[in-house]
Amino acid sequence: MPQPLDAALTEVRALLLDPALTRAVAAGRRRGRRPTVERAELRPVTLKAGPRMQITTSDGARPYTRNIVPGPEAAAAVDELLAEPFGNWHVETAAATLQLRVTKSGEAQVHRAAASRPAATPAGNDRTKEYLLDPGDPIFAEIGGSAAKRRQVDAFLRALAATLPDDLTGSLRVVDLGCGNAYLTFAAYRYLTSRGLDVQLIGVDVREDQRRRNTELAQRLGWADQISFVAGTIADAVVDPAPDLVLALHACDTATDEALARAVRWEARWVLAAPCCHHDLAKQLRAHPAPGPYELLTRQGILRERFADVLTDALRAGLLRVHGYRTEVVEFVDSQHTPRNLLIRARRTGAEATEPQRAEYRELVDQWQVTPRLEALLAAGETPGA
């Protein structure tokens with residue numbers, strides 16, 4: 001049954017300022033009127049400085065995010081949004097869901113229900129997946145929002161969140177080496193800025209058409225001042241100043257080694273690399289007999305290829321450790337979605353490698369008679385373009 005709009009918006013206001021708010025979205029327009037933005041989303045977030053109300057608005061082309069202090073500042077921001085002639089409000093709290101639609105006559109049609117997202121789920125039952133970047137975020141309208149892509153974005157962001165300190169603040173310089181069409185690049189920027197970080201990001205790809213495409217997308221999103229793209233190889237592209245965080249996601253074969261070498265030369269604080277194909281060591285393994293008693297590992301071609309994958313990434317992790325990084329090799333995304341599902345995650349400690357650590361790496365290399373590309377790059381001194 002329709003009710004006066006002012007009374008309904010007063011109820012919406014109370015829910016938006018309720019500490020139990022989980023999410024709210026305003027969209028659409030009233031008859032004969034147009035809001036200054038096409039969509040607004042509100043949600044609570046917790047930053048190092050404390051709880052905030054995150055407000056993301058979009059004009060249809062680019063999102064804009066603010067983190068507002070609860071209290072009078074949040075109340076003022078909410079009042080500004082309620083004054084906009086949105087045609088619909090959807091508000092969720094821990095206890096209830098309210099949907100408001102403004103009718104053609106300017107009245108409010110309100111539907112109220114119990115919370116659609118239960119606060120807790122009994123052990124053993126499936127629960128609704130919570131994404132670090134909401135699948136309804138406006139960015140997915142630009143980068144694509146298929147279920148597979150959302151899963152990969154979320155898996156990547158969770159690995160990124162696990163790598164960076166929870167209390168990280170201030171500015172963060174990021175480079176994505178071999179960024180391709182940059183959908184993970186943009187997702188990383190969106191997530192990092194939602195944590196309150198001041199992010200400057202450079203994407204590197206060898207293709208000039210990708211640089212142009214990605215630059216145009218950054219402009220449409222309103223992020224061109226914070227995100228830039230350069231065309232060049234991973235080894236040679238100019239990146240200045242040196243980054244704090246290096247990303248290299250699915251760079252083929254030794255391109256991953258070039259990315260890791262640049263990260264080490266930059267003394268980057270954090271590195272995330274998801275290797276792709278591993279041809280270099282597989283070729284070297286074919287050139288020499290396997291040391292005893294490991295002939296069975298390499299006699300069959302498919303087993304030799306898979307062993308080369310494992311050996312390559314194990315040696316990369318070992319070399320990073322020798323060069324002052326604490327390194328983990330973890331699952332990136334479930335193997336049912338992609339067979340290339342490993343992620344090398346490294347944090348710079350600056351600790352000097354111990355002799356046993358050096359000997360462990362050297363013994364493995366000598367036993368298999370291989371020369372890892374990353375070792376050759378680091379032994380050459382200055383990495384080209386570093």
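Bear in mind that the values here come from a model prediction, so they are computed numbers and not experimental data.

Structural notes on the confidence of the model for the protein
Atom-level detail of predicted coordinates should not be read off regions where pLDDT is low.
Link 1 in the chain: Looking at the protein as a whole, its pLDDT mean stands at 87, while 91% of the residues score no less than 70.
Link 2 in the chain: For the protein, per-element mean pLDDT is lowest for strand E7 (residues 108-114), which scores 81, and highest for strand E10 (residues 227-231), which scores 96.
Link 3 in the chain: This model gives residues 116-128 a pLDDT under 50, and the stretch forms 7 contacts once residues within four places in sequence are excluded.
Link 4 in the chain: The low-confidence segment residues 382-386, where pLDDT is below 50, has 15 contacts with residues more than four positions distant or belonging to other chains.

Looking at the sheet that holds strand E2 (residues 39-47)
Link 1 in the chain: The strand order E4-E3-E2-E1-E5-E6-E7 describes an open sheet built from 7 strands, whose pairing is antiparallel. Edge positions in the open sheet fall to strand E4 (63-68) and E7, since each of these has one partner strand only. Geometrically, the sheet is characterised by an average inter-axis angle of 15 degrees between neighbouring strands, direction not taken into account.

So, the layout of surface pockets
Link 1 in the chain: Of the volumes computed, that of the second largest pocket is approximately 390 Å³.
Link 2 in the chain: Lining the second largest pocket are 23 residues, and of these Gly-178, Cys-179, Gly-180, Leu-249 and His-250 lie nearest its centre.
Link 3 in the chain: For the lining of the second largest pocket, the secondary structure elements donating two or more residues are helix H5 (183-194), strand E9 (198-205) and helix H7 (255-266).
Link 4 in the chain: Looking at which element gives the most residues to the lining of the second largest pocket, the answer is H5, with 3 residues.
Link 5 in the chain: Looking at the lining of the second largest pocket residue by residue, the classes come out as 11 nonpolar, 8 polar and 4 charged.

Digging into the pattern of salt bridges
Link 1 in the chain: All told, the structure shown has 20 salt bridges when counted by the stated rule.
Link 2 in the chain: Ionic pairing is found between Glu-208 and Arg-211, a salt bridge with its closest N-O pair at 2.7 Å. Pair noted here: Glu-208 and Arg-211 are both in helix H6 (residues 208-221), with a separation of 3 residues, about one helical turn.
Link 3 in the chain: Given the relative accessible area of 25%, Arg-211 is considered partly exposed.
Link 4 in the chain: In this structure, Glu-352 engages Arg-358 in a salt bridge whose closest nitrogen and oxygen atoms are separated by 3.2 Å.
Link 5 in the chain: Each of Arg-23, Arg-39, Glu-41 and Arg-43 takes part in one network of salt bridges that share partners.

Cut-offs applied
Residues numbered from 1 in each chain as written. Predicted model: local features only at pLDDT ≥ 70, side-chain atom pairs only at ≥ 80, totals over all residues. Heavy atoms only, no water. pLDDT = per-residue confidence, 0-100. Helix = DSSP H or I, 4+ residues; strand = E, 2+ residues; numbered from the N terminus. Contact = heavy atoms within 4.5 Å. Pairing = 2+ DSSP bridges. Axes fitted to C-alpha atoms, helices over the stretch in contact; angles between N-to-C directions. 1 Å grid on protein atoms, 1.4 Å probe; cavity = no way out; pocket = protein on both sides within 12 Å on 5 of 7 lines; lining within 4 Å. Points joined across faces, edges and corners; volume = space filled by probe spheres on them. Nonpolar A, V, L, I, M, F, W, Y, C, P; charged D, E, K, R; others polar. Salt bridge = Lys/Arg side-chain N within 4 Å of Asp/Glu carboxyl O. Buried < 20%, exposed > 50% of the residue type's maximum accessible area, 1.4 Å probe, protein only.

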